[in-house]
Amino acid sequence: MTGEAIPSPHKGEGKGEGSSTRVYRRPVPAGWWARRSHYFWYIVREFTALPMALWLLWLLIDIRSAAVRPVNFHPQTSIAFVAFSVVCLAFALYHSFTFLSLAGVIIHVKVLDRPVPSRLIVLSQFALWAVASIVIGFVLIWFAR
Amino acid sequence: MAPKKITIQAARFDPEHDERPRMQSYEIPFSDDSMVVLDGLNYIKAHVDGSLSYRWSCRMGICGSCGMMVNGTPKLTCNAFLRDYWPRPVVVEPLNNFPVIRDLVIDMDDFMHKLQSVKPWIIRKEEMPLGAAEHIQTTSQIDDFRQFSQCINCMLCYAACPVYGLNNEFLGPAATALARRYNLDSRDQGLKQRLPVIASSEGIWECSFVGECSVVCPKGVDPAKAIQQTKLDTTMRFVLPYGNRDPEPPRQLEAEEA
């Protein structure tokens, strides 16, 4: 254990056990996130937002370039960019999965005075996600023709 | 055949002599498969080293006193069986994220202040004398908060929460779960008194949903759920035009009608 022994904040105040001369405060180690699988996947979830933000920033720049100089616009087709996009897609899917699974935890709905099972709420979220993806994909392909 | 033994490595810290905790090893008889880590500590205290300090009381997972880190995981030591660790040694340390007073005893003052700040009791706008009326509550209404009322204040969720470890100002899982327990209670009218605490930046919004608090809870309470649900409710109260109205008062059954 590493940390420091510090004077008790309640010294002399007569607040029971906290009135001892010193207490030992342990610091949270820098590698705390590697101690448990739950912590690790939490950090992965949080970290995936960064490359996704970079990809979206790139997309905004591309859209502006296409709007300002449509004749000279050449979208990125390098292997590196495609690979980066695939990685970002995987991150986005992981984010969507965790977010939609969370819906089953936080949404509390009652029908006929009985709570709707969490699984049903999660399944309905995934179904809506699939329908929305199909509709958006169809619209994009339709306009691109 | 030689009697079965198990090694317990316990953290020791004497505030008057030690700069930092040290580990001390004890080999004790492991005579019975029903022995729990707390039994091992009690054996050490009674037969090996009477100076070992730790909290315990009920031995049956009710009082929430004997929470410690067992092999790095927050556990009630009365509910952690030695058979699950044998023949490897069992490492027992004080709960993470709390100042250590002595050996395995932590300073719980911070938690007690936070618990008190959310007013975990039924608040009525107008108190009535006992027997003047009873507040009707259906089974369905009880089911709304029953899970959160199982909290025994053992603080394992605080020891598992890295957010609390990194920022002690965070209200934390158990206090929020108990605030939600009373906010969901149809007899309670204290939501507006608790909101300034739970909806502050050190309240629910500090939580980034690691979720380990719900994993380690020995009573099956889901504090992460309580926090996320409170985030949703608070946002709805802010966004929706009728969100800030008072909750509908519960029906009362006058004594003479009963």
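No experiment lies behind these values; they were computed from the predicted model shown.

## Quick word on the overall build of chain A
Turning to step 1, where the next piece is worked out: When you go through chain A residue by residue, the secondary structure sums to 4 helices and 4 strands.
Turning to step 2, where the next piece is worked out: In chain A, which comprises 145 residues, the share counted as buried stands at 3%.
Turning to step 3, where the next piece is worked out: Of the contacts made within chain A by residues no fewer than 6 positions apart, 32% connect residues no fewer than 24 positions apart.

## Here we look at the interface of chain A and chain B
Turning to step 1, where the next piece is worked out: On the chain B side, the residues contacting the 26 residues of chain A number 26 residues.
Turning to step 2, where the next piece is worked out: For the side of chain A that touches chain B, the secondary structure elements donating two or more residues are strand 2 (22-25), helix 1 (37-47) and helix 3 (79-106) of chain A.
Turning to step 3, where the next piece is worked out: For the side of chain A that touches chain B, the leading source of residues is strand 2 of chain A, giving 4 residues.

## Quick notes on the sheet that holds strand 4 (residues 73-76) of chain B
Residue and element names in this part refer to chain B.
Turning to step 1, where the next piece is worked out: Strands sit in the order 2-1-5-3-4 across an open sheet of 5 strands; the sheet is mixed. Sheet topology places strand 2 (22-29) and strand 4 at the edges, where each strand pairs with a single neighbour. Here the average twist between neighbouring strands, direction ignored, is 35 degrees.
Turning to step 2, where the next piece is worked out: Across 3 bridges, strand 1 (residues 5-12) lies against strand 5 (residues 90-93) in parallel orientation. Counted as the bridge partner of Q9 is V91 from strand 5.
Turning to step 3, where the next piece is worked out: Running at roughly 90 degrees to strand 2, helix 1 (residues 37-48) makes contact with strand 1, strand 2, strand 3 (67-70) and strand 5 of the sheet.

## A few points about the domain arrangement of chain B
Residues and elements named next belong to chain B.
Turning to step 1, where the next piece is worked out: Split into domains, chain B comes out as domain 1 (5-106) and domain 2 (109-239).
Turning to step 2, where the next piece is worked out: For domain 1 versus domain 2, the distance between C-alpha centres works out to 30 Å.
Turning to step 3, where the next piece is worked out: Across the boundary between the two partners, domain 1 contributes 14 residues, which contact 13 residues of domain 2.
Turning to step 4, where the next piece is worked out: Tallied by class, residues from the side of domain 1 that touches domain 2 come to 6 nonpolar, 7 polar and 1 charged.

## A look at unusual backbone geometry
Residue and element names in this part refer to chain B.
Turning to step 1, where the next piece is worked out: Backbone torsion omega between W86 and P87 reads 10 degrees, so that peptide bond is classified as cis.
Turning to step 2, where the next piece is worked out: On the secondary structure map, P87 appears in the loop between strand 4 and strand 5.
Turning to step 3, where the next piece is worked out: Here D103, not a glycine, exhibits a phi torsion of approximately 45 degrees, which is positive.
Turning to step 4, where the next piece is worked out: With respect to the helices and strands, D103 occurs in the loop between strand 6 (100-102) and strand 7 (105-106).
Turning to step 5, where the next piece is worked out: We note that K119 has phi near 50 degrees; this positive angle belongs to a residue other than glycine.
Turning to step 6, where the next piece is worked out: On the secondary structure map, K119 appears in the loop between helix 2 (109-117) and strand 8 (133-135).

Analysis parameters
- Residues numbered from 1 in each chain as written.
- Chains lettered and ligands numbered in written order.
- Predicted model: local features only at pLDDT ≥ 70, side-chain atom pairs only at ≥ 80, totals over all residues.
- Helix = DSSP H or I, 4+ residues; strand = E, 2+ residues; numbered from the N terminus.
- Buried ≥ 20, exposed ≤ 12 C-beta atoms within 10 Å, placed from the backbone.
- Contact = placed C-beta atoms within 7 Å.
- Pairing = 2+ DSSP bridges.
- Axes fitted to C-alpha atoms, helices over the stretch in contact; angles between N-to-C directions.
- Domains from an automatic or database assignment.
- Nonpolar A, V, L, I, M, F, W, Y, C, P; charged D, E, K, R; others polar.

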